[in-house]
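Per-entry structural report
Chain by chain, the residues:
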Amino acid sequence: MKKLTYILFTLAGVLAFNSCSDDDVVPGNPAMTPKTEFSAALYGDSLPFTINVSDMDVPLSTLKAQLYYNEDMVSETVIRTKTSDDYSGKIFVPYYANVPSGRATLKLILQNIHFTTTEKEYLVPLSRPDFPYLTFVTADGEYRMEREELYQYSVADDFPQKIKGYIKSPKVGENGNVLTFGLENGVIAQGPLTDEITFSNSNAGNYSIHFNTYSYAASPFVKLMLNGKEMDMIDDDNYKLDLTLSAGQELLFSGIPNFEAWWIDPSFFKKEEDNTALSFLPIAGSYRIIVNFKYEYIYAEVLKDGEPATLQTDGSGAIWIIGNGIGKPSVSANQVGWVTEKALCMAPLGNGKYQTTVVAGQSMRADEIDFKFFHQKGWGGEFKNDAISTTSDLVFIGAGNDVNGRGEGNLGLVDGKTFDMMGIYTFTVDVSAGNTKAVLTVTKIGEEAPPAFEATFDGTVMEMVGADTYKVEKTFTQGQTITVAGISDLSSWWIDPDFFTLQGNQLTFLPLAGKYRVTANKTMKYFIVEAMNGDALATLQTDGSGAVWVIGDGVGKPSVWENHVSWDTGKGLCMAPVGNNKYQLTLVAGQTVYTDYINFKFFHQKGWGGEFKNDVLSTTSDLVFVGAGDNVNGRGEGNLGLLDGVTLEDGVAYVFTLDLSQGNGNVKLTVEKK
């Protein structure tokens, strides 16, 4: 009993001690004295302040400066304050649209480690800065925007029909900042923004760009309208509108400059005689109309519940085309390839029939095709050779690569056949007997007049090989001067540094003497140069002469972004023979080669067959490695990759040189910055 009593007294003493300790907590007395006079400021300023802070009893914790517009805190600066002293900082005065001059509340809050605070408030008069000028910043240069009146600025110049850039201000006042205005979530906003605003005019030429720093109103923006409805922007180059349409319905566009010159997908539309409207051709249904400003063409896709349609078991829906040798409006500029996002939708004609219309040499290659038909805009259901047949004397349906050089269901040209240059062809797939009993019909329905292009290369008229490609095959000598006639804008063409230099309208030929095929691509504005042996493209010979070709990912001329080679053998790049069994390929990072990824290799021919694997190709480069198989270092045998940690310098040229002087079985690769 005595022991229990002793314990109870002890606990009571501890509780009493703790109670006394709580009562003895010192809250402290934080005090502050501003040493800055808070006078008028401008929106967009960084408002400086210096505050003397102290607490004689308790260590300090933080000093906060908070700025309020009405009841909303719009800016805050927090400073750690361990000791009594003077502390300086800045608080940003936000710049918003449609906020007039007025007064803001600046709160100063000092807190010690026991959470005791003291506050002071100041009313700060604010006004909008009156910038003397603004600057419109584009990828190609800067344009000064002059002040027309309060808050209103403009610049007039010769601009393209669409031009992208952001707007920046100069600093105004002692505490001002450079402010930038760019695009945020689809609207113009102020902030640390350089996301570009896309201005657009009805036509290229001299026009004015306007911007209001109060309302953020800007112009011009051409509204793209279809049948009185505004089209939605997909990205800078593409607009869409989903509509329910019927056969023969008129489509009237506004806001498209030079509409009469645009390419219209003949599978879906017919242009009216007055060039102002289109007639819709397929059966009634739900469609997405897409306007592409990059290539200036209009096309359509079949929809189901707002998404790209798929082929149904009853034969309704949609059929899509994916593969090589086809692309609209131009196969050379916009080939579909094996990129599912670029799949072409066939026009539904009704009763299980689907059709696409193409022009040989323009939207389809005249000499080689390798595409197939799919149930959806992507991988999944497809028409293999057991589900589709044809009696065409022009094309065959592949039965597997080991059988006739085409995968199951892939189309190819019959041996010895080509499509007539500029011939108009329809490909019709009929699934009325069932999706596993499809029948393909290929029909020539007319011809288009070839586009005007009369260029001579070294005195020889270039032969048309496609709607936008022309060739000449000649023998050239190293250092030869070549005169080009008939191309008025040659100075704007991309000149391959492995094969030519340009001065005026004359090219200087750089590789070894020999016969070459030079192809002018007038859409992409560059010359493709390929070594020849007689009338055929050259291949690598056992003595190391001939040609070496590059196929794979990460490279493309004149731009890897616009003309990626990938594993399309038809786009294989010919290396320039520069002497002593040496072959050269010059690539500019960020232009003709990716800066952060490569996966290409060297071949004996422009296609599959002989290739340089890692057992014959080696390098001591500190930039790239030669693959030894996917399970070893992430690259196939002979495929090139960038070494760990290596990124090519944007805008810098790199020269890849193959040395075969020790034989085709002992090839050395060097990679040097030019």
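See above for the structure.
Here we summarise the structure given alongside this text. (Residues numbered from 1 in each chain as written. Predicted model: local features only at pLDDT ≥ 70, side-chain atom pairs only at ≥ 80, totals over all residues. Heavy atoms only, no water.)

This paragraph deals with the overall build of the chain. Counting its secondary structure elements, the chain contains 4 helices and 58 strands. Over its C-alpha trace the chain gives a radius of gyration of 35 Å, far above what one expects of a compact globule, namely 26 Å for 674 residues. Taken along the three principal axes of its C-alpha coordinates, the chain extends 110 × 75 × 65 Å. Expressed as a percentage of the 674 residues in the chain, the buried residues total 49%. Sequence separation of at least 24 residues holds for 60% of the intrachain contacts in the chain that already meet a minimum separation of 6. When the accessible surface of the chain is split by element, carbon and sulfur atoms take 48% of a total near 31,800 Å². Between the centroid of the 52 positive side chains of the chain and the centroid of its 82 negative side chains there is a distance of 2 Å. (Helix = DSSP H or I, 4+ residues; strand = E, 2+ residues; numbered from the N terminus. Rg over C-alpha atoms; globule rule 2.2 N^0.38 Å. Buried < 20%, exposed > 50% of the residue type's maximum accessible area, 1.4 Å probe, protein only. Contact = heavy atoms within 4.5 Å. Areas by Shrake-Rupley, 256 points an atom, 1.4 Å probe, with all protein chains shown as cover. Lys, Arg positive; Asp, Glu negative; His and termini not counted. Charge placed at Lys NZ, Arg CZ, Asp CG, Glu CD.)

Counting buried positions along strand 33 (residues 370–374) gives 5 out of 5 residues, so the element sits mostly inside the fold. The two faces of strand 33 match: D370, K372 and F374 on one face and F371 and F373 on the other face are all buried. By the bridge criterion, 5 bridges tie strand 29 (residues 320–324) to strand 33 in an arrangement that is antiparallel. Note that in strand 33 the partner of N324 across the bridge is D370. (Pairing = 2+ DSSP bridges.)

In this structure, E611 sits in the loop between strand 53 (599–603) and strand 54 (617–619). For the pair formed by E611 and E637, sequence separation is 26 residues and the distance between their alpha carbons is 9.6 Å. A distance of 2.5 Å separates a polar atom in the side chain of E611 from a polar atom in the side chain of K601. (Polar contact = N/O pair within 3.5 Å; in protein donor to acceptor, adjacent residues only side chain to side chain.)

This brings us to the sheet that holds strand 47 (residues 526–533). Pairing between sheet strands relies on hydrogen bonds along the backbone, with the strands arranged either parallel or antiparallel. One open sheet accounts for 5 strands, arranged 41-42-46-47-48; its pairing is antiparallel. Each edge of the sheet is formed by a strand with only one pairing partner; in this case those strands are strand 41 (463–466) and strand 48 (536–537). Of the strand pairs in this sheet, strand 41 and strand 42 (residues 469–476) are connected by 3 bridges, and their pairing is antiparallel. Pairing of E463 across the sheet is with K471, part of strand 42.

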